[in-house]
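Listed below, chain by chain, are the residues.
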Amino acid sequence: MFGGEILDFEIRPNPAPVSVAERAALVANPGFGKIFTDHMATVRYSEGKGWYDARIEARAPIAMDPATATLHYAQEIFEGMKAYRTADGGIALFRPEANARRFRSSAHRMAMAQLPERLFLESLRHLITMDRAWVPDDPEGSLYLRPFMYASEVFLGVRPSLEYLYLVIASPVGPYFKGGVRPVTVWVSEEYTRAALGGTGEAKCGGNYAASLSAQAEAIEHGCDQVVFLDAAGRGHVEELGGMNVFFVYDDGTLVTPSLTGTILPGITRDSVITLAREFGHQVVERDYGFAEWREDAASGRLREVFACGTAAVITPIGSVRCADGEFTIGDGACGAVTEHLRTTLVDIQRGRIADTHGWVRTVA
Ligand SMILES: *Cc1c(COP(=O)(O)O)cnc(C)c1O
């Protein structure tokens, strides 16, 4: 079977799934990324043979030779998405085609085999169907899906791997903010950067996260929740958080977000926010955004709201900002009206509570 063709998934149900009672107890208080469903999807690739052995099987450890290429040179990419129980009782994904496309572009940047988008979508559909009992009933909960792929060739030479293993695992998650949305405090890292022009900033690869962890640890040391990265070239412009894009809301209703120059991850939530904000009548400007501008406009009061966005938390208000030589507050430090409106609209579309006029929601099971 080759790239563009349909590959049938072989379904091998887990012979020893978690009991109904134990599953209910786990799903009732899942936390984030700690508990996993009974199954996983796997598809293999090898040069010459193409994609083969598509399966849904019992979730289990992967045996790995110590010379497996990904352990040495980090050829690895991933995606993050959520399956929701919708108002009509179905299970839906939000813009999964966009994740499938981004997975291919990440693979391209990392010199990896590009999984056909149809295969990506089928792997999710099959896994969600098998593990549908794991999707929380909680109106704030969801089943987090983690598609990923790594270089599986056993070889220490430095070149793109000739073999890849693609997998999808799934993890029930509770509300991102327990007890309601809370504005976060961010740390602006003036020492570490995340991505440089020509680098891998726009690919969703594990390596970008590895590069962000020291800065994130520094943010925690300074009592902050998340780190904000500046551009690597001049450290004058705001790029994004470790795993979320960022928007600035002005008193004239304009939204500003850093433009996609290759160093920023093109978020699907970011793209959806731009579309919704324009429909609400806001002007949305994609451009370079200076850290100095951020401080000055927060001080003058022209800057009213700032929020971060991504699949995990959807939209997170940013209440205050800390850096090496000071701290400032955005507005009154609470979640602003524009942030709240965008957040509830997006969440309501995702969960089928309001009409999906964009064709973003895909019922999969
Ligand atoms: C995944 C990710 C985002 C958010 O993307 P979504 O598609 O909205 O989930 C933003 N920044 C980085 C660095 C990411 O890895």
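On a predicted model such as this, the values are computed, not experimentally measured, just so you know. Residue indices begin from 1 for each chain and proceed along its sequence in written order. Under the rules for a predicted model, residues below a pLDDT of 70 receive no local features and side-chain atom pairs below 80 are neither given nor counted, while totals for whole chains, interfaces and linings still include all residues. The basis for every side-chain value is the complete set of heavy atoms in the structure, and neither hydrogens nor water enter the calculation.

For the rest of this paragraph, the subject is the domain arrangement of the chain. Accessible area lost when the parts come together is the quantity often used to give the size of an interface. The domains assigned to the chain are domain 1 (10-173) and domain 2 (184-350). The centre of domain 1, based on its C-alpha atoms, is set 28 Å off from the matching centre of domain 2. Domain 1 puts 17 residues into the contact, and the matching count from domain 2 is 19 residues. Accessible area that two parts lose when put together, evaluated with a 1.4 Å probe and summed over both, is termed the buried area. When domain 1 packs against domain 2, close to 1600 Å² is buried across both sides, 60% of that on carbon and sulfur atoms. When the area that domain 1 buries against domain 2 is broken down by residue, the three leading residues are Phe78, Phe94 and Arg102, summing to 37%. Salt bridges are defined as contacts in which a side-chain nitrogen from Lys or Arg sits within 4 Å of a carboxyl oxygen from Asp or Glu. Here domain 1 is connected to domain 2 by one salt bridge. Of the charged contacts, one joins Arg95 and Asp271 as a salt bridge, the two residues approaching to 3.0 Å between their closest N and O atoms. N or O atoms within 3.5 Å of each other form a polar contact, as long as, within protein, one can give a hydrogen and the other can take it, and as long as residues adjacent in sequence are counted only when both atoms are side-chain atoms. If you look at where domain 1 meets domain 2, you find eleven residue pairs in polar contact (both at pLDDT 80 or more). Helix and strand definitions follow DSSP, with helices as H or I runs of at least four residues and strands as E runs of at least two, each counted in order from the N terminus. For the side of domain 1 that touches domain 2, the leading source of residues is helix 3 (residues 96-109), giving five residues. Just so you know the grouping, Ala, Val, Leu, Ile, Met, Phe, Trp, Tyr, Cys and Pro go in nonpolar, Asp, Glu, Lys and Arg go in charged, and all remaining residues, Gly too, go in polar. Counted by class, the side of domain 1 that touches domain 2 contains seven nonpolar, four polar and six charged residues. For the purposes of this description, domain bounds are those given by an automatic or database domain assignment. Here, two residues are considered to be in contact whenever any of their heavy atoms come within 4.5 Å of each other.

To continue, consider the site of the ligand. Proximity is defined per residue: any heavy atom of the residue falling within 4 Å of a molecule or strand makes that residue near it. Near the ligand, the surroundings consist of 15 residues, among which Lys204, Tyr209, Glu240, Thr269 and Thr311 are the closest. Here Met244 contributes a backbone N or O atom positioned 3.4 Å from a nitrogen atom of the ligand. With respect to the ligand, the side chain of Thr311 contributes an N or O atom lying 2.6 Å from an oxygen atom. In isolation the ligand exposes 380 Å². Once the protein is present, 97% of that is buried. Residues are said to line a cavity or pocket when one of their atoms sits within 4 Å of a point; the points come from a 1 Å grid over protein atoms alone, cavities being sets where a 1.4 Å probe fits but cannot get out and pockets being open sets with protein on both sides within 12 Å along at least five of seven lines. Throughout, a molecule is located in a cavity or pocket provided that more than half of its atoms lie within 2 Å of its grid points. Put simply, the ligand lies in the largest pocket. Here the residues of the shell around the ligand sort into four nonpolar, seven polar and four charged. Working definition of accessibility: Shrake-Rupley area with a 1.4 Å probe, residue cover restricted to the visible protein chains.

One less than the residue count of a helix, multiplied by 1.5 Å, gives the span that helix is expected to have. When the terminal C-alpha atoms of helix 5 (residues 206-221) are compared, their 23 Å separation across 16 residues agrees well with the 22 Å that a helix rising 1.5 Å per residue should span. Backbone geometry just downstream of helix 5 places Gly223 in the positive-phi region, at approximately 75°.

Our next topic: the nonpolar core. One finds Val43, Trp51, Ile77, Phe120, Leu145, Met149 and Tyr166 to be the most contacted residues of the largest nonpolar core, which totals 40 residues. Contact partners of Leu145, with chain neighbours within four places excluded, come to Glu79, Gly80, Met81, Ala83, Leu93, Leu124, Leu127, Ile128, Val168, Ile169 and Ala170. What we call a nonpolar core is a set of buried Ala, Val, Leu, Ile, Met, Phe, Trp, Tyr and Cys residues that are connected through their side-chain atoms within 4.5 Å. Using a 1.4 Å probe on the protein chains alone, a residue whose accessible area is under 20% of its type maximum counts as buried, one over 50% counts as exposed, and one in between counts as partly exposed. Of all hydrophobic cores here, the second largest spans 26 residues; its members include Val184, Val228, Phe248 and Val256.

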